[in-house]
Amino acid sequence: MQGDSRAAAASAVPAEGVVATWLRAQGLRPLPLQTQTWRAIAAGRSGLLHAGTGSGKTYAVWLGLLQRHAGAAGGGRPRLLWVTPLRALASDTAAALQAPLPALAAGWRLGVRTGDTPDAERAAQQRRWPEVLVTTPESLSLLLARADAPTLLAGVAAVVVDEWHALLDSKRGVQVQLALARLRRWQPHLQVWGLSATLADPAQALAVLLGPQAAPGAALIGDEGAKPIIVDTLLPPRVERFPWAGHLGAAMVPAVVAQLQACRSALVFTNTRAQTEWWYQALLAERPDWAGQIALHHGSLDADVRRWVEQGLKRGALRVVVCTASLDLGVDFAPVQRVLQVGSPKGVARLLQRAGRSGHAPGLPSRITLVPTHALELVEAAAARDAVQAGQLEACQPLRAPLDVLVQHLVTVALGGGFTPASLLDEVRSTHAYADLPEDDWHWALDFVRYGGAALRAYPEYRRVQPDADGIWRVPDARVARRHRLNIGTIVADAQIEVRYLNGTRLGAVEEAFCARLRPGERFVFAGRTLELVRLRDLTAWVREARGQPPHLPRWQGSRMPLSTALAQAVLARLAAADAGRFEGPEMAAAQPLLALQARWSRLPTPSRLLAEVLYDREGCHLFLYPFAGREVHAALASWLAWRAAQAQPRTLSLAVNDYGLELLSPQAIDWATELPRWLQVPDEPTLRAQVLASVNATELSQRRFREIARVAGLLMPSHPGQRRSQRHLQASSTLFWEVFVRHEPDNRLLRQARDEVLAHELQLPLLHATLQRLARLPLHCQILPRPTPLAFPLLVQRLRERLSSETLSARLQRLVARLERAADAPAAHRRARRQPAAANPGADV
């Protein structure tokens, strides 16, 4: 839930009312945004409550809904649904919602129904359904897939979607939109309320939640008194002038321990699960006496382990929890005094969300301390504080008409009482995602669930939905129904391998690709323990505890987050200030030697200047370009530039990217000062689309994306009754479907969706096009280098990492850094100028 201190609860009922009596008994007082919300709910309006973490949102909506709806009898059916994005939040949400129920809704019961709900509890709920149900998008869709769904859910009077910003731009958000449209079909006066923080455009979020028909009359309520946010930085003991990603991590451990020692309870956020495991071990090695007071928390750990950690935080029994985004949302940890963020948060909204875990009550300031893992993150830290103070948040891009989600929903509705195509089309088009759904896409989706589409028409197993004698489309095959219910949802991840001790105790799950590389007897770190693999059998890794330095950390896919556009622009603004000689704040003062050297050897990138650097050495001709558009855009831009260079003259280029820029390495000399302005000319978007697709292995990317789409659409079934399929099996099946569609149904909508999603989400085509347009307006400064600059050095390291072992890389970097440091410290009169090719023009402005 959106965590609220008890001091946040309040009421707008008359002073002698039941709610006021309950509030007085709790020692609570109303807040302005709460009274405003209660008035809107009492008038029957839906809406969105947008306010910072810990501002009192939960009780604002919850007490208002209880006042309006608790007088009606439940009749053995749910009356109020509370949708939370994470199963881990459900129990905490239920505890907060339960508190006022005895006084304000006597006789009402509250239940939790998620993937973690035990079978016995599910069975008890079906015998007598609770009036209040806390659930997730996936479990809500499962309820819609029940044969008695129209009867069971027709009495639902209100739905609350918690942490809407976490769902807004995802397929899970589309799933929620479709579920709300279905509930609204049965209950036209349904009240829907969203709770959200860290939104750049609350009006857009409201429109996506409610759809084009309901949004115009809805209430949009915000917190006028902004919660104070303190962003500071833990400065490293020494700032190196030639940084690379992660090299400061180990050096910062003692400083982090000193900060943690000074507080009773703290959260240490990292950006990846692998980092969480590493930092947990590092902190425990530094302070072994903290054993039992320090824990870790991430989404791959067993649910019981996560719950134990959450309860320990609430009781104040844990000094430190090292965590990922698994604790970003909702859980109310009042004892938490400090929040530390290891590495750049990469986004302003993420920074605010994590900061809100401290000072988690109205009126109390939230504080987050940034821990840089390389020197350039000092600039990011200063820029992040600027962006927070300016309210510059990242914009969301809600999805439009994903057909895999629509296909899944058609089967869900066919199971949940059936449908007629005409009425369901009106319902689907009432959502924001499908408001403009073309007729031919709708008919294709119907044909796909009825026959499997043109390519699969001959195979009966793909005829999932059929109209009955009355024209109602239903699922006639019980096996299809079971498979669909087992695989409902849009969360797609690589196959997971359970990790269990030999006695059967479950620790959690890691990705199959990681386990496939382990041999029995090898050690790895997981759940804060050093484990030895005994055997891998039936998608379970059986392990025992081991001693010694572990050689392996699990790796999870999709763990790298790109620098957001909002934060990148704030970084460029800080670099512009440095270019003008202003190094304001402790972070910029600490980074000044690095930035001064960059300016001395080359230039600093700024919002009004595009910097390119060219270096000639034994490897060839290096181009370093600094668009500051984030890792994903740079990857697409590097591939596109390499393709354009190869079109001019056949050549092979090596690529490296990070969040600040890209490197292209050619064995042959290229006159970049002349060619780069021409190759950076912006084509129209259709031409750019074709060229980007030609520049990368688009087929491989699309096939991987198609595998995810096929799973959501129900072509691939990871889980069958009594059976789980391996990732290799799913990949083979996906490849077979891909080849069949390409050969026999090339206009298949799922193929088209896969290509579109690759362009939009992996190759970032819209953002790439916008970046090229921005770069086209900037003067280009092309600087010939005698040696790598502080900005170029991390890109060199990134490329070398892909070729060398960690030991070889470390030795090579030590030698290279030593040479560069000697050059940086050499007196100007003794610096040797490097002879450049005749065509090169050092320091050319183009």
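Structure first, text after, so check above.
Attention in this report is confined to the structure presented alongside it. Remember, predicted model here, so these are calculated numbers, not experimental data.

Quick look at the pattern of salt bridges now. Per the counting criterion, the structure on display carries 41 salt bridges. For the salt bridge of R385 with E587, the shortest nitrogen-to-oxygen distance reads 2.7 Å. Placement of R385 in helix α15 (residues 377–390) and of E587 in helix α22 (residues 586–601) is noted, with a sequence separation of 202 residues between them. Between E762 and R705 there is a salt bridge, with the nearest N and O atoms lying 3.4 Å from each other. Highlighted residues: E762 in helix α28 (residues 749–762) and R705 in helix α26 (residues 698–713), separated in sequence by 57 residues. R705 sits in the buried class, given a relative accessible area of 14%.

What follows is about the pairing of strand β21 (residues 610–617). Counting buried positions along β21 yields seven of eight residues, so the element is predominantly enclosed. Bridge count for β21 against strand β27 (residues 780–785) is six bridges, and the pairing is parallel. Residue pairing for β27: V614 is matched across the bridge by I784. With six bridges connecting them, β21 and strand β22 (residues 620–625) associate as antiparallel partners.

Turning our attention to the nonpolar core. Membership of the largest hydrophobic core comes to 55 residues, with the highest contact counts inside it found for L267, V321, V348, L575, L595, F624 and Y626. Setting aside residues no more than four positions away along its own chain, L595 makes contact with V379, L575, A578, F583, M588 and L604. Formed by 48 residues, the second largest nonpolar core is a distinct cluster that contains L437, V449, Y462 and V480.

Attention shifts here to the sheet that holds strand β3 (residues 110–113). Read across the sheet, seven strands follow the order β3-β4-β2-β5-β6-β1-β7 without closing on themselves; strand pairing throughout is parallel. Both edges of this open sheet fall to β3 and β7 (219–222), since each of them pairs with a single strand only. Neighbour-to-neighbour, the strand axes of this sheet turn through a mean angle of 15 degrees, independent of strand direction. In this sheet, strand β4 (residues 132–135) lies alongside strand β2 (residues 80–83) in parallel orientation, the contact comprising four bridges.

What follows concerns the sheet that holds strand β20 (residues 540–545). Strand order in the open sheet made by the five strands is β17-β16-β20-β19-β18, with mixed pairing throughout. The open sheet has two free edges, formed respectively by β17 (506–511) and β18 (523–526), since each of these has just one partner strand. Each strand of the sheet is rotated relative to its neighbour by a mean of 40 degrees, with strand direction disregarded. Pairing geometry for strand β16 (residues 496–501) and β17, over five bridges, is antiparallel. Bridge assignment links I497 to a residue of β17, and that residue is V510.

Attention now moves to a positive patch on the surface. Taken together, R618, R812, R815, R819 and R822 make up a surface patch of like positive charges. Residue placement: R819 occurs in helix α31 (residues 806–825). What makes R819 partly exposed here is its relative accessible area of 47%.

Direction vectors running N to C along helix α18 (residues 439–451) and α28 enclose 120 degrees, while the axes themselves pass 11 Å from each other. Taken together, the axis directions place α18 and α28 in an arrangement best described as oblique. Counting all contacts with α18, which are made through D440, D441, W444 and F448, the residues of α28 involved are R749, L750 and R752.

Relative to the 22 Å expected for 16 residues at 1.5 Å per residue, α22 spans 24 Å between its end C-alpha atoms, a close match to the ideal helical length. At Q592, α22 shows its largest bend, some 55 degrees, and a proline, P593, comes one to four positions later. For α22, the full list of buried residues reads E587, M588, A590, A591, L594, L595, L597, Q598 and W601.

Running from amino to carboxyl end, helix α16 (residues 403–415) crosses helix α19 (residues 478–486) at an angle of 125 degrees, the nearest separation of the two axes being 11 Å. The pairing of α16 with α19 is recorded here as oblique in orientation. Of the two elements, α16 crosses α19, and the hand of that crossing is left-handed. Two secondary-structure elements touch here, α16 through Q408, V411, T412 and L415 and α19 through A481, H484 and R485. Broken down by class, the residue content of the contact of α16 with α19 amounts to three nonpolar, three polar and one charged.

Considering the arrangement of structural elements, one finds Q408 in helix α16. Under the relative-accessibility criterion, Q408 is labelled buried at 5%. One polar contact links the side chain of Q408 to the main-chain carbonyl oxygen of V712, over a distance of 2.9 Å. Apart from the residues within four sequence positions on either side, Q408 is in contact with Q175, H484, N487, I488, G489 and V712.

Definitions and cut-offs
- Residues numbered from 1 in each chain as written.
- Predicted model: local features only at pLDDT ≥ 70, side-chain atom pairs only at ≥ 80, totals over all residues.
- Heavy atoms only, no water.
- Salt bridge = Lys/Arg side-chain N within 4 Å of Asp/Glu carboxyl O.
- Helix = DSSP H or I, 4+ residues; strand = E, 2+ residues; numbered from the N terminus.
- Buried < 20%, exposed > 50% of the residue type's maximum accessible area, 1.4 Å probe, protein only.
- Pairing = 2+ DSSP bridges.
- Core = buried A, V, L, I, M, F, W, Y, C linked by side-chain atoms within 4.5 Å.
- Contact = heavy atoms within 4.5 Å.
- Axes fitted to C-alpha atoms, helices over the stretch in contact; angles between N-to-C directions.
- Patch = residues over 30% accessible without salt bridge, like charges linked within 9 Å, V, L, I, M, F, W, Y side chains within 5 Å.
- Areas by Shrake-Rupley, 256 points an atom, 1.4 Å probe, with all protein chains shown as cover.
- Lys, Arg positive; Asp, Glu negative; His and termini not counted.
- Charge placed at Lys NZ, Arg CZ, Asp CG, Glu CD.
- Parallel < 35°, antiparallel > 145°, perpendicular 65-115°, else oblique.
- Expected span 1.5 Å × (residues − 1).
- Bend = angle between axes of the 7 residues up to and from the residue.
- Left-handed = near helix turned anticlockwise from the far one by under 90°.
- Nonpolar A, V, L, I, M, F, W, Y, C, P; charged D, E, K, R; others polar.
- Polar contact = N/O pair within 3.5 Å; in protein donor to acceptor, adjacent residues only side chain to side chain.

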